[in-house]
Amino acid sequence: MNTNLGLYQWRRNGQPLVEGGRVFGSTSANLTIVNIVHGDAGQYDVVVTAPCGTVESFPAVVTVYCRSDINQNADVSSADIIAYLSLWFGDIANGTALADFNSVGGTTSADITAFLAAWFADLESGC
Ligand SMILES: [Ca+2]
Ligand SMILES: [Ca+2]
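Basis of the calculations
Residues numbered from 1 in each chain as written. Chains lettered and ligands numbered in written order. Predicted model: local features only at pLDDT ≥ 70, side-chain atom pairs only at ≥ 80, totals over all residues. Domains from an automatic or database assignment. Pairing = 2+ DSSP bridges. Helix = DSSP H or I, 4+ residues; strand = E, 2+ residues; numbered from the N terminus. Axes fitted to C-alpha atoms, helices over the stretch in contact; angles between N-to-C directions. Parallel < 35°, antiparallel > 145°, perpendicular 65-115°, else oblique. Left-handed = near helix turned anticlockwise from the far one by under 90°. Contact = placed C-beta atoms within 7 Å. Nonpolar A, V, L, I, M, F, W, Y, C, P; charged D, E, K, R; others polar. Expected span 1.5 Å × (residues − 1). Buried ≥ 20, exposed ≤ 12 C-beta atoms within 10 Å, placed from the backbone. Arc of directions from axis to C-beta.

So, about the domain arrangement of the protein chain. The domain boundaries assigned to the protein chain delineate domain 1 (7-62) and domain 2 (78-125). The C-alpha-based centres of domain 1 and domain 2 are spaced at 33 Å.

As defined by bridge partners, strand E1 (residues 7-12) adjoins strand E5 (residues 42-50) across 6 bridges and the pair is classed as antiparallel. The residue bridging Trp-10 from the neighbouring strand is Val-46, located in E5. The sheet contact formed by E1 and strand E2 (residues 15-16) spans 2 bridges and is antiparallel. Its bridge partner lying in E2, Arg-12 is registered against Gln-15. Here E1 folds back onto E2 in antiparallel fashion, the turn holding 2 residues, of which Asn-13 has a positive phi close to 50°.

Further remarks concern the packing of helix H1 (residues 78-94) against helix H2 (residues 109-125). Interhelical geometry of H1 versus H2 gives an angle of 160° and a closest axis separation of 11 Å. Considering the angle they form, H1 stands roughly antiparallel to H2. Note on packing geometry: the crossing formed by H1 with H2 is right-handed. Across the interface between the two elements, Asp-80, Ile-81, Tyr-84 and Trp-88 of H1 pack against Asp-111, Ile-112, Phe-115 and Trp-119 of H2. Classifying every residue of the contact of H1 with H2 gives 6 nonpolar, no polar and 2 charged.

Taking 1.5 Å per residue, 17 residues should reach 24 Å; H2 reaches 25 Å between its end C-alpha atoms and fits that length. By the burial criterion, the buried members of H2 are Asp-111, Phe-115, Ala-118 and Trp-119. In a view along the axis of H2, the buried residues occupy a sector of 105°, so they form one face of it. Looking at H2, the residues exposed on the side facing more than 90 degrees away from the buried face are Ser-109, Thr-113, Phe-120 and Glu-124. At its buried positions, H2 is contacted by H1. Where H2 terminates, the next one or two residues include Gly-126, which has phi positive at roughly 75°.

Following the sequence through the fold, Phe-120 ends up in helix H2. Through-space distance from the C-alpha of Phe-120 to that of Ser-68 is 8.8 Å; in sequence the pair is 52 residues apart.

If you want it as structure tokens, here you go:
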């Protein structure tokens, strides 16, 4: 993307994002936020200022789910264990890797262990 068109300022819920920590590119064409947390959810937009004026993008709504919230209903519950195991057995039957929770070695029993550890951690922390 051409970054010489103007000045960029990314915003979350109308507030300018500050560079540093987990936020990179808050005043460039490409915004990156690493190690996303629930508090990162919100409406993101960018204001571009150029010699001929200022424009605001339409906002993009970003939703953050807990990693173990497999059914993505914003709640960590036993239903997510059932959803995860359904994915896991599907992988075993179909040779897919949708339940490769630890991102290592395809779908194996180690992924169930990793999922359950994350599930308990999410329950405890509210993630
Ligand atoms: Ca859930
Ligand atoms: Ca795996």
